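# Topology and contacts: notes
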Amino acid sequence: MRVSDLMTPATLVDYDRLKANIRFMSARARDNGVSLRPHIKTHKCLEIAELQKNFGAAGITASTIGEAQHFARNGFKDITLAVPLAQDKITAVKQLAVRADLKILVDHSATVTQLISALKRTKMELDVLVKVDCTLGRSGVDPEKRSSIKLVERISKARRLRFAGLLTHGGSSYSATSEEGIVKAADEESQAVLKFASLLRKENPNLAPETISIGSTPTMMVRDVIPDGITEVRPGNYVFFDYTQVALGICRAYNCALTVLASVIGSFKDRLIVDAGATALSMDPGPIHIDPDCGHGKVFSDYEEGDFAESTTITNLSQEHGKVALGSDSSVKKAKLGSRLRILPNHSCLTANLTDEYYVTSGAEVIDIWNVYRRRVVT
Ligand code: PLP
């Protein structure tokens, strides 16, 4: 099948770019002597996880119970569930831990209480990572607070819990406006966990964390050297990249592997209407702090070369329609009904989450179709 034969909107993944991105990150982890545990929430796809494994990934990171169950059933046994645990998921976690080598994430003492109670009459032991906040201000313990050390102490003393280490995510890198800003976020990410690890060691050598895990795509890409003491990295987005990463300067448009193919369903003097709306692209606002005119993704004039169409902005998305505003020198100004546009989404993880399959491409050919797993829980 050829790309031109596909019904649109269609989510395309360029095989060579995907492989190059996977190879690059694997080499970065290997060169630094750290384990790579990619976040599979970006792609939710067994074939892509398999490629990551073949290039040396030691395990996977997942966000939802459903992802973890699906990947565990399909041979991926080493899983970190990297969202702080809510009580309603403890039963599912217990079931999963029988089949998989699972690590869960905690940042509140109340969760420890719930886990202790849920495991009381069992013989099982759960591996617990403590989430550390590295200035993102989302979840995680404050690494400078005494109560954070107490939380680790409590986990390590609990009979059925094992303190497995520390985990943080340098998500504030996405708010940066310069390379220096991303380097700063990368430093803060590493320093938060390394400093907390050293406080724990000082408090009690038995609290020394085995795993010290960091990772976001910008903080992994922005520097070659990962600080000593970090044992694991968990980037996710790097498999596809997207316009946010391009605007941040993390990659070039020709590195981006995931695109959405859309058909022109309306052609007017000042605008085109395409059949890719919010349900195909997602409403992610994109890197508006860097490029206020990024719109809802970028239209390529030449995907192979990585060129965007000038004066062409996806200004509005409704559920199934995308409105593409055309400046006078737009290269797609004369696009006829039925012609195709290839769009780089603002946030590939959210775009991927909207499709059931990837059309895997090599040039103009579709060489495979891979399923995307999107259910939150398997019952
Ligand atoms: N780890 C955690 C806890 C995350 O929340 C994320 C992404 O949100 C990642 C790793 C991967 O980050 P990225 O997609 O920037 O590579």
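So, a few notes on the structure that sits alongside this text. Chains are numbered independently. Their residues run from 1 in the order of the written sequence. The predicted nature of this model means local features are confined to residues of pLDDT at least 70 and side-chain atom pairs, given and counted, to a pLDDT of 80 or more, with totals for whole chains, interfaces and linings taken over all residues. Excluded from the side-chain calculation are hydrogens and water; included are all heavy atoms of the structure.

## Considering a positive patch on the surface
Where like charges cluster on the molecular surface, the positive patch consists of Arg 73, Lys 77, Arg 99 and Arg 375. Counting from the N terminus, the helices are the DSSP runs of H or I reaching at least four residues and the strands are the DSSP runs of E reaching at least two. Checked against the element boundaries, Arg 99 lands in helix H4 (residues 90-99). Like charges are joined within 9 Å and nonpolar side chains (Val, Leu, Ile, Met, Phe, Trp, Tyr) within 5 Å, but only among residues with over 30% relative accessible area and no salt bridge; these make up the patches. For the area figures, the Shrake-Rupley method with a 1.4 Å probe applies, and any residue is considered shielded solely by the protein chains shown. A side-chain nitrogen of Lys or Arg and a carboxyl oxygen of Asp or Glu constitute a salt bridge if their distance falls within 4 Å. Here the positive residues are Lys and Arg and the negative ones are Asp and Glu; neither His nor the chain ends is included. Charged side chains are reduced to one point each, which is NZ for Lys, CZ for Arg, CG for Asp and CD for Glu.

## Some thoughts on the site of the ligand
For the ligand, the set of nearby residues contains 14 residues, the closest of which are Lys 41, Tyr 174, Thr 217, Arg 234 and Gly 236. The term polar contact refers here to a pair of N or O atoms within 3.5 Å; inside protein, the definition further demands a hydrogen-donor-capable atom paired with an acceptor-capable atom, and it admits residues adjacent in sequence only when both atoms are side-chain atoms. Within the side chain of Arg 234, one N or O atom sits 2.9 Å away from a nitrogen atom of the ligand. Measuring from an oxygen atom of the ligand, one finds a backbone N or O atom of Gly 236 at 2.6 Å. Protein chains bury 93% of the 390 Å² of accessible surface belonging to the ligand in isolation. By the convention adopted, Pro, Cys, Tyr, Trp, Phe, Met, Ile, Leu, Val and Ala count as nonpolar, Lys, Arg, Asp and Glu as charged, and the other residues, Gly among them, as polar. Residue classes in the shell around the ligand are distributed as four nonpolar, seven polar and three charged. Near, as used in this document, describes a residue that has one of its heavy atoms within 4 Å of the molecule or strand being considered.

## With respect to the nonpolar core
Definition of nonpolar core: a set of buried residues of the types Ala, Val, Leu, Ile, Met, Phe, Trp, Tyr and Cys, connected through side-chain atoms within 4.5 Å. Categorising residues by exposure relies on relative accessible area from a 1.4 Å probe, with only protein chains included: less than 20% of the type maximum marks a residue as buried, more than 50% marks it as exposed, and the intermediate range marks it as partly exposed. In terms of nonpolar packing, the biggest core is built from 89 residues, with Leu 18, Phe 240 and Tyr 358 touching the most fellow members. With eight residues, helix H7 (residues 179-203) is the single largest residue contributor to this core. In this structure, Ala 278, Ala 309, Ile 314 and Val 324 belong to the second largest nonpolar core, which totals 19 residues.

## Here's the deal with empty space enclosed by the protein
Using protein atoms alone on a 1 Å grid, points that fit a 1.4 Å probe yet trap it form a cavity, whereas open point sets bounded by protein on both sides within 12 Å along at least five of seven lines form a pocket; residues with an atom within 4 Å of a point count as lining. Grid points are joined across faces, edges and corners, and a volume is the space filled by probe spheres set on the points. By the definition in use, this model includes one cavity of 30 Å³ or more. When its volume is computed, the largest cavity comes out at roughly 30 Å³. Looking at the largest cavity, the residues that line it are Lys 131, Val 132, Asp 133, Cys 134, Leu 136, Arg 138, Ser 139, Thr 168 and His 169. A breakdown of the residues in the lining of the largest cavity according to their chemical character gives three nonpolar, three polar and three charged.

## Quick notes on the sheet that holds strand E5 (residues 101-106)
Any two strands between which DSSP finds at least two bridges are classified as paired. The sheet built from eight strands is open, its strands ordered E2-E9-E8-E7-E6-E5-E4-E3 with parallel pairing. Bordering the open sheet on either side are strand E2 (35-36) and strand E3 (60-62), each of which pairs with just one other strand. Pairing analysis gives two bridges linking E2 to strand E9 (residues 232-233), with the strands arranged parallel. Following the sheet pairing, Ser 35 is matched in E9 by Glu 232.

## Some remarks on the pairing of strand E11 (residues 271-274)
Two strands pair when backbone bridges link them, and strand E10 (residues 258-267) and E11 are joined in this way by three bridges, in the antiparallel orientation. The partner of Ser 267 across the bridge, within E11, is Leu 272. Connecting E10 to the antiparallel partner E11 that follows it, the hairpin turn spans three residues. Examined bridge by bridge, E11 and strand E15 (residues 322-326) share four bridges and lie antiparallel to one another. Bridge pairing in E15 places Leu 272 opposite Val 324.

## Thoughts on the layout of surface pockets
Volume-wise, the largest pocket comes out at about 1,100 Å³. What lines the largest pocket is a set of 49 residues, and nearest its centre among them are His 39, Lys 41, Ser 63, Arg 138 and His 347. Grouping the constituent residues of the lining of the largest pocket by class yields 17 nonpolar, 19 polar and 13 charged.

## Quick look at the pairing of strand E17 (residues 357-362)
As paired elements, strand E1 (residues 10-14) and E17 share three bridges and run parallel to each other. Residue pairing in the sheet places Val 13 in a bridge with Val 360 of E17. Two strands pair when backbone bridges link them, and E17 and strand E18 (residues 365-371) are joined in this way by six bridges, in the antiparallel orientation. Its bridge partner being in E18, Val 360 is matched across the sheet by Asp 368.

## A word on a negative patch on the surface
Together, Asp 302, Glu 304, Glu 305, Asp 307, Glu 310 and Asp 329 make up a region of like negative charge exposed at the surface. Position of Glu 305 among the secondary structure elements: in the loop between strand E12 (298-302) and strand E13 (307-308). For Glu 305, a relative accessible area of 53% puts it in the exposed group.

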